[in-house]
Amino acid sequence: MTNEAAAPRVVIADDHSGILDQVTALVSSEFDVVATARDGISALDCVRRLNPQIAVLDLYMPGMNGLEVVKTLKRSASRTATVIMSGYNDPELANAAINAGAMAFVPKSRLTQDLLPAMRAAVRGHIFMSKPKGT
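Residues numbered from 1 in each chain as written. Predicted model: local features only at pLDDT ≥ 70, side-chain atom pairs only at ≥ 80, totals over all residues. Heavy atoms only, no water.

## Re the overall build of the protein chain
No. 1: Check the secondary structure of the protein chain and you find five helices and six strands.
No. 2: When the elements of the protein chain are put in sequence order from the N terminus, they spell out β-α-β-α-β-α-β-α-β-α-β.
No. 3: On C-alpha atoms alone, the protein chain measures out to a radius of gyration of 14 Å, which is about the 14 Å that the 2.2 N^0.38 rule sets for 135 residues.
No. 4: Structurally, the protein chain occupies a C-alpha span of about 45 × 30 × 30 Å along its principal axes.
No. 5: Counting every position in the protein chain, which comprises 135 residues, the buried fraction comes to 46%.
No. 6: For the protein chain, the exposed surface amounts to about 7000 Å²; the carbon and sulfur share of it is 50%.
No. 7: Taking the 14 positively charged and 13 negatively charged side chains of the protein chain as two groups, their mean positions are separated by 6 Å. (Helix = DSSP H or I, 4+ residues; strand = E, 2+ residues; numbered from the N terminus. Rg over C-alpha atoms; globule rule 2.2 N^0.38 Å. Buried < 20%, exposed > 50% of the residue type's maximum accessible area, 1.4 Å probe, protein only. Areas by Shrake-Rupley, 256 points an atom, 1.4 Å probe, with all protein chains shown as cover. Lys, Arg positive; Asp, Glu negative; His and termini not counted. Charge placed at Lys NZ, Arg CZ, Asp CG, Glu CD.)

## Thoughts on helix α5 (residues 111–123)
No. 1: Counted at 1.5 Å a residue, the expected span for α5 with its 13 residues is 18 Å, and the 17 Å between its end C-alpha atoms agrees.
No. 2: Those residues of α5 hidden inside the fold are in contact with β1 (9–13), α1 (17–27), β3 (54–58), β4 (81–86), β5 (104–107) and β6 (128–129).
No. 3: Following α5 by one or two positions, G125 has its phi on the positive side, about 85 degrees. (Expected span 1.5 Å × (residues − 1). Contact = heavy atoms within 4.5 Å.)

## A few points about the side chain of T72
No. 1: Mapping T72 onto the fold places it in helix α3 (residues 66–75).
No. 2: In this structure the side chain of T72 is engaged in a polar contact, spanning 3.3 Å, whose partner is the side chain of R75.
No. 3: Ignoring anything within four residues of it in the chain, the contact list for T72 reads L44, R48 and M64. (Polar contact = N/O pair within 3.5 Å; in protein donor to acceptor, adjacent residues only side chain to side chain.)

## Things to note about the packing of aromatic side chains
Both the distance between ring centres and the angle between the ring planes are used here to describe each pair of aromatic rings.
No. 1: Taken as a whole and judged by the stated rule, the model has one aromatic pair.
No. 2: Both rings, one in Y60 and one in Y88, keep their centres 6.1 Å apart while their planes meet at 85 degrees; by these two values the pair is edge-to-face. On the criterion of sequence distance, the pair formed by Y60 in the loop between β3 and α3 and Y88 in the loop between β4 and α4 (91–100) is long-range, its members being 28 residues apart.
No. 3: Assessed through its relative accessible area of 46%, Y60 is described here as partly exposed. (Phe/Tyr/Trp six-rings, centres within 6.5 Å; stacked < 30°, edge-to-face > 60°.)

## Digging into empty space enclosed by the protein
No. 1: Scanning all chains against the criterion turns up one cavity of 30 Å³ or more.
No. 2: In this structure, the largest cavity spans a volume of roughly 30 Å³.
No. 3: Along the walls of the largest cavity sit V70, L73, K74, S78, T80, T82 and G101, which together make up its complete lining.
No. 4: Looking at the lining of the largest cavity, the element that brings in the most residues is α3, giving three residues.
No. 5: Taken together, the residues of the lining of the largest cavity sort by class into two nonpolar, four polar and one charged. (1 Å grid on protein atoms, 1.4 Å probe; cavity = no way out; pocket = protein on both sides within 12 Å on 5 of 7 lines; lining within 4 Å. Points joined across faces, edges and corners; volume = space filled by probe spheres on them. Nonpolar A, V, L, I, M, F, W, Y, C, P; charged D, E, K, R; others polar.)

## Observations regarding the sheet that holds β1
No. 1: Strand order in the open sheet formed by six strands is β2-β1-β3-β4-β5-β6, and the pairing between neighbours is parallel. Of all strands in the sheet, those bounded by a partner on one side alone are β2 (32–37) and β6.
No. 2: Alignment of β1 against β2, held across five bridges, turns out to be parallel. When the bridges of β2 are listed, V11 appears paired with A35. (Pairing = 2+ DSSP bridges.)

Distances and angles like these do not, on their own, reveal function.
This is how it looks when you write it as C-alpha coordinates:
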(Lines give C-alpha, C1' and ligand atoms only; values in the text may rest on other atoms or scores of the structure.)
Protein backbone atom coordinates (compact mmCIF):
# COMPACT_ATOMS: atom_id res chain seq x y z
CA MET A 1 0.00 0.00 0.00
CA THR A 2 1.35 3.42 -0.90
CA ASN A 3 1.00 6.70 0.96
CA GLU A 4 0.00 8.50 -2.22
CA ALA A 5 -3.52 9.81 -2.23
CA ALA A 6 -5.68 8.80 -5.15
CA ALA A 7 -5.93 11.38 -7.91
CA PRO A 8 -9.13 13.44 -7.65
CA ARG A 9 -11.82 12.14 -9.99
CA VAL A 10 -13.10 14.52 -12.69
CA VAL A 11 -15.91 14.66 -15.23
CA ILE A 12 -15.25 16.89 -18.26
CA ALA A 13 -18.02 18.27 -20.47
CA ASP A 14 -17.76 20.23 -23.71
CA ASP A 15 -19.71 19.97 -26.95
CA HIS A 16 -16.53 20.19 -29.06
CA SER A 17 -14.53 16.96 -29.25
CA GLY A 18 -11.26 18.86 -29.80
CA ILE A 19 -11.68 20.73 -26.50
CA LEU A 20 -12.67 17.50 -24.73
CA ASP A 21 -9.50 15.83 -26.02
CA GLN A 22 -7.32 18.84 -25.13
CA VAL A 23 -8.70 19.15 -21.59
CA THR A 24 -8.52 15.40 -20.98
CA ALA A 25 -4.87 15.32 -22.07
CA LEU A 26 -4.06 18.42 -20.02
CA VAL A 27 -5.53 17.21 -16.72
CA SER A 28 -4.79 13.47 -16.92
CA SER A 29 -1.38 13.89 -15.28
CA GLU A 30 -2.99 15.03 -12.01
CA PHE A 31 -6.65 13.99 -12.19
CA ASP A 32 -8.50 10.76 -12.89
CA VAL A 33 -10.84 11.50 -15.81
CA VAL A 34 -13.78 9.19 -15.05
CA ALA A 35 -16.11 10.44 -17.81
CA THR A 36 -16.56 12.96 -20.58
CA ALA A 37 -19.81 14.37 -21.89
CA ARG A 38 -20.85 16.37 -24.95
CA ASP A 39 -23.87 18.17 -23.41
CA GLY A 40 -25.07 19.45 -20.06
CA ILE A 41 -27.70 16.77 -19.45
CA SER A 42 -25.13 14.00 -19.94
CA ALA A 43 -22.65 15.88 -17.76
CA LEU A 44 -25.20 16.14 -14.96
CA ASP A 45 -25.97 12.44 -15.27
CA CYS A 46 -22.25 11.55 -15.11
CA VAL A 47 -21.72 13.69 -12.02
CA ARG A 48 -24.74 12.19 -10.26
CA ARG A 49 -23.71 8.60 -11.10
CA LEU A 50 -19.95 8.88 -10.52
CA ASN A 51 -19.76 11.49 -7.73
CA PRO A 52 -16.40 12.98 -8.83
CA GLN A 53 -14.55 15.52 -6.72
CA ILE A 54 -14.64 17.97 -9.63
CA ALA A 55 -16.51 18.68 -12.86
CA VAL A 56 -15.08 20.87 -15.63
CA LEU A 57 -17.99 22.25 -17.65
CA ASP A 58 -18.23 24.29 -20.82
CA LEU A 59 -20.38 27.36 -20.31
CA TYR A 60 -22.37 26.90 -23.53
CA MET A 61 -23.50 23.35 -24.29
CA PRO A 62 -26.64 21.88 -25.83
CA GLY A 63 -29.47 20.64 -23.64
CA MET A 64 -28.34 22.37 -20.46
CA ASN A 65 -25.60 24.96 -20.21
CA GLY A 66 -22.78 24.84 -17.68
CA LEU A 67 -24.39 27.38 -15.34
CA GLU A 68 -27.61 25.35 -15.27
CA VAL A 69 -25.61 22.24 -14.40
CA VAL A 70 -23.83 24.13 -11.59
CA LYS A 71 -27.12 25.46 -10.20
CA THR A 72 -28.74 22.01 -10.37
CA LEU A 73 -25.82 20.44 -8.54
CA LYS A 74 -25.91 23.16 -5.86
CA ARG A 75 -29.66 22.66 -5.30
CA SER A 76 -29.08 18.93 -4.84
CA ALA A 77 -26.30 19.58 -2.28
CA SER A 78 -23.71 17.87 -4.48
CA ARG A 79 -20.19 17.98 -3.08
CA THR A 80 -18.66 18.04 -6.58
CA ALA A 81 -16.66 21.24 -7.12
CA THR A 82 -17.26 22.83 -10.50
CA VAL A 83 -15.04 24.73 -12.92
CA ILE A 84 -16.61 26.64 -15.81
CA MET A 85 -14.66 27.14 -19.01
CA SER A 86 -15.76 29.51 -21.72
CA GLY A 87 -14.70 30.73 -25.12
CA TYR A 88 -15.27 34.24 -23.77
CA ASN A 89 -12.85 36.00 -21.41
CA ASP A 90 -15.57 38.15 -19.87
CA PRO A 91 -15.52 39.28 -16.20
CA GLU A 92 -19.35 39.38 -16.17
CA LEU A 93 -19.54 35.71 -17.23
CA ALA A 94 -16.88 34.85 -14.65
CA ASN A 95 -18.90 36.56 -11.92
CA ALA A 96 -22.09 34.84 -13.07
CA ALA A 97 -20.33 31.46 -12.86
CA ILE A 98 -19.03 32.11 -9.35
CA ASN A 99 -22.40 33.50 -8.23
CA ALA A 100 -24.09 30.35 -9.56
CA GLY A 101 -21.83 28.25 -7.34
CA ALA A 102 -18.85 27.38 -9.54
CA MET A 103 -15.48 27.43 -7.80
CA ALA A 104 -13.56 28.61 -10.85
CA PHE A 105 -13.86 30.27 -14.25
CA VAL A 106 -11.27 29.74 -16.99
CA PRO A 107 -11.45 31.19 -20.51
CA LYS A 108 -10.53 28.60 -23.14
CA SER A 109 -7.77 30.92 -24.34
CA ARG A 110 -6.08 30.34 -20.94
CA LEU A 111 -6.68 26.60 -20.50
CA THR A 112 -3.01 25.63 -20.68
CA GLN A 113 -2.02 28.29 -18.11
CA ASP A 114 -4.98 28.28 -15.74
CA LEU A 115 -7.00 25.06 -15.85
CA LEU A 116 -4.83 22.95 -13.55
CA PRO A 117 -4.37 25.75 -10.97
CA ALA A 118 -8.14 26.38 -11.12
CA MET A 119 -8.91 22.70 -10.56
CA ARG A 120 -6.42 22.44 -7.68
CA ALA A 121 -8.01 25.48 -6.04
CA ALA A 122 -11.54 24.17 -6.57
CA VAL A 123 -10.74 20.79 -5.02
CA ARG A 124 -9.39 22.64 -1.96
CA GLY A 125 -12.56 24.76 -1.75
CA HIS A 126 -10.99 27.97 -3.05
CA ILE A 127 -12.33 30.32 -5.72
CA PHE A 128 -10.16 30.80 -8.82
CA MET A 129 -10.73 33.30 -11.62
CA SER A 130 -8.42 33.78 -14.58
CA LYS A 131 -7.09 37.26 -15.10
CA PRO A 132 -9.30 39.33 -17.41
CA LYS A 133 -8.07 39.98 -20.92
CA GLY A 134 -5.37 42.64 -21.14
CA THR A 135 -4.09 42.33 -17.55
